[in-house]
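# Per-entry structural report
Residue-level listing of the chains:
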Amino acid sequence: MKTKKNIGQMFYSKSTVLAFLLLVVAASIVFRDKNFLSATNVFNILLKAAKNGGFLALGMTFVILCAEIDLSVGAVFALSGVVMGIVGTVNPFLGIVCGILVGVVSGWLIGYMVTKMRISSWIASLAMMFALRGIILIIAKKSVVIEGSIMTFANAKFLKGVVPGMKSGISILVILLFVVTFLCMYISRNTKFGMGIYAVGGNCEAARMMGIDVDRIKIKAFVWCGAIAAFSGVLLASSSGSATLSAGNVYETYAIAMCAIGGVKLSGGEGKFSGTFFGILIYFIINTIFTYLPTNISVHWQSIIMGLLVLISVGVQSEVLHNIKIGKKKVEA
């Protein structure tokens, strides 16, 4: 009986990975004629994730683990690219630094409003989102063209001809997605800040009584979230060769959805960055499957299906389900 419980707990803790594996196996069988598991297709999915909010989901995880939210990441994503493009005409390196600073400053401001002014993170980040979108329209009337060494770096590819089936090589964006994922995992597991976000998200008052500087932890979480969103914006603008004013629209909702699918509890304190990463993969695998279906599903139905998926993911984390499991354990005991 004890062994059975341990196995059940193991699978429950790894539910996102299990869902990912089942989805991959099912898709590879159904779409075997389209070579779903070919190296080219796998890296195309990863590239799509890197370009369309994958980085933002990793940054959002810091904030959600603290039981907060950041609705400004899409605007940060857009403004960082615009700032990088404008300043980059003078000095490319300075342009990158200024672009990333957009996220750092906006994250710090949201964190300050949440911790010092006691404003809800929903309201603070929503206000920041509107402000940043306004700033974009003030400093740029049209898309900013990006050229030169910045664009060359963002479009770099490695291991050309080394990976079977990948003659063009692996994009730097995919490599950086893995690097940022492992960096976030390391921070969450091996630093005081990483342990602090779980303590703060689990029970803020208990964390404060333990001597944890709750305000500092939350501010740092928002700063990390903003910095990663800005870094992503700089990368995508550099890769595409232009920073569009509407870039990142609704990316904040994508990021939250990926976190939820990855098992990050939206009430805070529970979840892993590895789970978020698999949540990102699940999201974009399903997105890719839509394009493979014989009768192309409209964008509206895709949104409905994704919404149901997020609802199911959150439902799995709900207190009702948790209480049912506890009741079952008591009955078995």
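As a starting point, this report considers the structure included with it. Remember, predicted model here, so these are calculated numbers, not experimental data. (Residues numbered from 1 in each chain as written. Predicted model: local features only at pLDDT ≥ 70, side-chain atom pairs only at ≥ 80, totals over all residues. Heavy atoms only, no water.)

## A look at the overall build of the chain
From N to C terminus, the chain includes 16 helices and four strands. Counting over 333 residues, the chain shows a buried share of 47%. Relative to all contacts within the chain whose residues are 6 or more apart in sequence, the contacts with residues 24 or more apart total 75%. Carbon and sulfur atoms provide 69% of the accessible area of the chain, an area that totals close to 16800 Å². (Helix = DSSP H or I, 4+ residues; strand = E, 2+ residues; numbered from the N terminus. Buried < 20%, exposed > 50% of the residue type's maximum accessible area, 1.4 Å probe, protein only. Contact = heavy atoms within 4.5 Å. Areas by Shrake-Rupley, 256 points an atom, 1.4 Å probe, with all protein chains shown as cover.)

## Digging into the packing of helix α9 (residues 172-190) against helix α14 (residues 273-292)
The N-to-C vectors of α9 and α14 enclose an angle of 150°; their axes lie 9 Å apart at closest approach. Between α9 and α14, the crossing angle belongs to the class labelled roughly antiparallel. Residue-level inspection shows Leu177, Phe178, Thr181, Cys184, Met185, Ser188 and Arg189 of α9 in contact with α14, the latter providing Phe273, Ser274 and Phe277. When grouped by side-chain class, the residues that make up the contact of α9 with α14 number six nonpolar, three polar and one charged. (Axes fitted to C-alpha atoms, helices over the stretch in contact; angles between N-to-C directions. Parallel < 35°, antiparallel > 145°, perpendicular 65-115°, else oblique. Nonpolar A, V, L, I, M, F, W, Y, C, P; charged D, E, K, R; others polar.)

## Description of the layout of surface pockets
The rolling of a water-molecule-sized probe over the atoms marks out the regions of remaining empty space. Its volume calculated, the second largest pocket comes out at about 360 Å³. For the lining of the second largest pocket, the element with the highest residue contribution is helix α15 (residues 299-317), accounting for six residues. Here the lining of the second largest pocket is built from residues that sort into nine nonpolar, five polar and one charged. (1 Å grid on protein atoms, 1.4 Å probe; cavity = no way out; pocket = protein on both sides within 12 Å on 5 of 7 lines; lining within 4 Å. Points joined across faces, edges and corners; volume = space filled by probe spheres on them.)

## Details of the packing of aromatic side chains
What the rule picks out here adds up to 12 aromatic pairs. What links up through ring pairs into an aromatic cluster is the set Phe77, Tyr251, Tyr254, Tyr283 and Phe284. (Phe/Tyr/Trp six-rings, centres within 6.5 Å; stacked < 30°, edge-to-face > 60°.)

## Description of a nonpolar patch on the surface
Together, Phe93, Leu94, Val97, Leu101, Val105, Trp108, Leu109, Tyr112 and Met117 make up an exposed nonpolar region whose accessible area comes to about 840 Å². Examined against the element boundaries, leucine 94 turns out to sit in helix α6 (residues 92-115). Here leucine 94 falls in the partly exposed class, since its relative accessible area comes to 40%. (Patch = residues over 30% accessible without salt bridge, like charges linked within 9 Å, V, L, I, M, F, W, Y side chains within 5 Å. Salt bridge = Lys/Arg side-chain N within 4 Å of Asp/Glu carboxyl O.)

## Observations concerning helix α12 (residues 214-240)
The end-to-end C-alpha distance of α12, which contains 27 residues, comes to 39 Å, matching closely the 39 Å that a straight helix rising 1.5 Å per residue would cover. For α12, the buried fraction is high: 21 of the 27 residues fall into the buried class. Just past α12, the residue glycine 241 takes up positive phi, approximately 90°. (Expected span 1.5 Å × (residues − 1).)

That's the geometry; what it means functionally is another story.
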